[in-house]
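Residue strings, one per chain:
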Amino acid sequence: MTDSSTQATKTLLNVAVVGHTNTGKTSLIRTMLRSSEFGTIEDGAGTTRHVEQATISAGEEPILNLHDTPGLEDSYGLFSHLKKMGKGHVSSTTRLLADFVANITVDDPLEQEAKVIRQVLRSDVLLYIIDVREPVLEKYRYELEILSKAAKPIIPVFNFIAGHPDELTEWRGQLAVYHIYAALEFDTVAFTFEAEKRLYQKIQTLVDTHYTNLQKLINYRAKNWDQLCLSGAKRVTELIITVACHRETKHAENNTTANTLTEEKLQDFVRKAEQRCLKDLLSIYNFTEKDVAIQNIPVSNGQWQLDIFAPGILKAYGLDVGSSALKGAAAGAGIDLMVGGLSLGAASALGAMAGAGWSTARRYGSEIKAMMDGTEWLCADENTLRVLYLRQRQLLGKLMHRGHAAVDTVEVKVPDSEKLPDDWSEITSILRQNPAWHEASSSRNNSQQYQDVEARLVSSLLKEPISGTRA
Ligand SMILES: Nc1nc2c(ncn2[C@@H]2O[C@H](COP(=O)(O)OP(=O)(O)OP(=O)(O)O)[C@@H](O)[C@H]2O)c(=O)[nH]1
Ligand SMILES: [Mg+2]
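Residues numbered from 1 in each chain as written. Chains lettered and ligands numbered in written order. Predicted model: local features only at pLDDT ≥ 70, side-chain atom pairs only at ≥ 80, totals over all residues. Heavy atoms only, no water.

Digging into the overall build of the protein
Right, on to step 1. For the protein, the count of helices and strands is 20 helices and 11 strands.
Right, on to step 2. Residue burial in the protein is summarised as follows: out of 471 residues, 47% are buried.
Right, on to step 3. A separation threshold of at least 6 residues defines the contact pool for the protein, and within that pool the share at least 24 residues apart is 72%.
Right, on to step 4. Accessible area of the protein: about 22,400 Å², with a carbon and sulfur share of 51%. (Helix = DSSP H or I, 4+ residues; strand = E, 2+ residues; numbered from the N terminus. Buried < 20%, exposed > 50% of the residue type's maximum accessible area, 1.4 Å probe, protein only. Contact = heavy atoms within 4.5 Å. Areas by Shrake-Rupley, 256 points an atom, 1.4 Å probe, with all protein chains shown as cover.)

This is the structure:
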């Protein structure tokens, strides 16, 4: 480390993440770092055994140090010890805590607690992580009592809030006893950027010497978050476009076996395209299998649990359209009536026109030729495209943490079909008419019409759900 970076580290804001064991301290740090590499996370007490430090930067510029600490397991033991040290009186100065850490011996039963307190004394602000599912037991009161002796600003962070409103109220009441009013609800696994921003803003108000640096971090993170959401929406858009533009050549003679094979080929294409999109989205949002499980995303071993062509899928996405709902999405719709947006009749008329303009021939040439030699195409039918869109939109919502259980309670149920873009039919019809768009090319990307369709899909995916779910 160079002299200047040592200097920078010294002046960085130091934030200690403390709390009872197994409340999600390490998980919170991973979330804040956007890294699943940091520390060890386990469902069990005493996972983190030592203080570990990580630095959060805005680009290249380090902004703050986070210190993960072991969970406080024996707050009662520590409190009694401090009381003994203070001759029956736990003084309100930090002196007692400093004496405690200075005199602790290796293998002392309170060694772990000493590690925490040592870091607390070295830090500028404390994030106190609370598992609200736990009743406000005596041991937590001792923890708060001890931490408040360090005379550092404490920001309580409520974790595991989903479905526990009463416990949350009780915790808030308990904190008020210690004059701590401004707590944050921050789901460490499934968070929104807004919640993270509030966390930094809270620190800004409590440690105003670091205001400017924290603001740099907020701005940097906000920009990154927007880009992340945009990448997700663009990836889904690419899927919809690839599938909607795809055509499978069908044999004109009524050969059932050949037609079934074509249908299967089309289905396979759609499945694989969706699978690739799922894989990319999970990687864009850095989601591990554990996050997938916590977010209740219906994916197992990286695959959708429900096949896109499974019976009942239309119903699952609110597309209950009579008898077809029982069957699932159709394998494909014959495209002959959609050629170039023309009716069959118009297409034959054009084909018959020997002197049709060059541009007409170029645009409709393959359709006309196909019609002449009896070739037909299959393309993904309307319902398949709808399910595809709705499923990725829902996934995107979860990845952006809009649909987490923690906020589900305020969701107003809106039929999925209403979550399609207003101009959905127009979009899919344009896509079907432009098979050449199935993959990127400069002529596609420069086409005004393509850019317009892409922008419409992206913005519909980024729109807040109409459900009124809190972001
Ligand atoms: N559902 C849910 N689970 C969480 C959340 N935060 C943490 N967990 C889980 O809670 C367990 C404990 O998380 P850790 O991050 O290891 O907790 P810790 O406070 O660091 O634990 P110690 O190091 O043992 O003190 C893990 O199984 C996490 O996956 C959350 O917001 N929601
Ligand atoms: Mg830990």
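Resuming the write-up.
What about the coordination of the magnesium ion (ligand 2)?
Reference values for coordination geometry: four tetrahedral donors around a metal ideally subtend 109.5 degrees, six octahedral donors ideally subtend 90 or 180 degrees.
Right, on to step 1. Here the magnesium ion (ligand 2) is held by Thr-26 (OG1) and Thr-48 (OG1), and the distances to it run 2.0 to 2.1 Å. Of this pair, Thr-26 sits in helix 2 (residues 25-33) while Thr-48 sits in the loop between helix 2 and strand 2 (52-58); the two residues are 22 residues apart in sequence, bridging distant segments of the chain. Take Thr-26 and Thr-48: they sit in the same class, and that class is buried. (Donors = N, O, S within 2.8 Å, 3.2 Å for Na, K, Ca; no water.)

Points about empty space enclosed by the protein
Right, on to step 1. If you walk through the whole model with that rule in mind, you get 1 cavity of 30 Å³ or more.
Right, on to step 2. In this structure, the largest cavity encloses a volume near 40 Å³.
Right, on to step 3. Surrounding the largest cavity, Ile-297, Pro-298, Trp-304, Arg-391, Gln-394, Leu-395 and Lys-398 form its lining.
Right, on to step 4. If you tally residues by element for the lining of the largest cavity, the top one is helix 16 (residues 382-399), at 4 residues. (1 Å grid on protein atoms, 1.4 Å probe; cavity = no way out; pocket = protein on both sides within 12 Å on 5 of 7 lines; lining within 4 Å. Points joined across faces, edges and corners; volume = space filled by probe spheres on them.)

A short note on the pairing of strand 4 (residues 125-131)
Right, on to step 1. In terms of residue burial, strand 4 counts as a mostly covered element, since 7 of its 7 residues are buried.
Right, on to step 2. The alternating pattern of strand 4 places Val-125, Leu-127, Ile-129 and Asp-131 on one face and Leu-126, Tyr-128 and Ile-130 on the opposite face, and all of these are buried.
Right, on to step 3. Examined bridge by bridge, strand 1 (residues 13-19) and strand 4 share 5 bridges and lie parallel to one another. The partner of Val-17 across the bridge, within strand 4, is Leu-127. (Pairing = 2+ DSSP bridges.)

A few points about helix 4 (residues 95-103)
Right, on to step 1. Looking only at helix 4, the buried set comprises Leu-96, Leu-97, Phe-100 and Val-101. One side of helix 4 carries all its buried residues, which in axial view fall inside an arc of 130 degrees. When the buried face of helix 4 is taken as reference, the exposed residues oriented beyond 90 degrees from it are Arg-95, Ala-102 and Asn-103.
Right, on to step 2. Buried positions along helix 4 lie against helix 3 (75-85), helix 5 (111-122) and helix 6 (138-148). (Arc of directions from axis to C-beta.)

Concerning the side chain of Thr-242
Right, on to step 1. By the secondary structure assignment, Thr-242 is in helix 9 (residues 211-245).
Right, on to step 2. Beyond its immediate chain neighbours, meaning those up to four positions away, Thr-242 contacts Phe-269 and His-438.

Comments concerning the pattern of salt bridges
Right, on to step 1. Across all of its chains, the model carries 18 salt bridges by this definition.
Right, on to step 2. Across the pair Arg-141 and Glu-138 runs a salt bridge whose closest N-O atoms are separated by 3.0 Å. In this pair, Arg-141 and Glu-138 are both assigned in helix 6, 3 residues apart and thus about one turn of the helix distant.
Right, on to step 3. A residue is classified by how much of its surface remains accessible, and Arg-141, at 31% relative accessible area, is partly exposed.
Right, on to step 4. Judged by its relative accessible area of 46%, Glu-138 is partly exposed.
Right, on to step 5. The network of salt bridges with shared partners includes Asp-423, Glu-426, Asp-452 and Arg-456. (Salt bridge = Lys/Arg side-chain N within 4 Å of Asp/Glu carboxyl O.)

Structural notes on the sheet that holds strand 2
Paired through backbone hydrogen bonds, the strands of a sheet run either parallel or antiparallel to each other.
Right, on to step 1. One open sheet holds the 6 strands; their spatial order is 2-3-1-4-5-6, and the pairing between them is mixed. Of all the strands in the sheet, the pair left with one neighbour each is strand 2 and strand 6 (184-185).
Right, on to step 2. Along the sheet face, helix 7 (residues 165-177) touches strand 4, strand 5 (154-159) and strand 6 and points at about 170 degrees away from the line of strand 5. (Axes fitted to C-alpha atoms, helices over the stretch in contact; angles between N-to-C directions.)

Examining helix 8 (residues 193-206)
Right, on to step 1. Helix length check: helix 8 (14 residues) gives 20 Å between terminal C-alpha atoms against 20 Å at 1.5 Å per residue, within 8%.
Right, on to step 2. Of all the positions in helix 8, only Phe-193, Ala-195, Glu-196, Leu-199, Tyr-200, Ile-203 and Gln-204 are classed as buried. (Expected span 1.5 Å × (residues − 1).)

Side note on the environment of Ile-203
Right, on to step 1. Tracing the sequence through the fold places Ile-203 in helix 8.
Right, on to step 2. Sequence spacing of Ile-203 and Leu-13 is 190 residues, and the spatial spacing of their C-alpha atoms is 9.8 Å.

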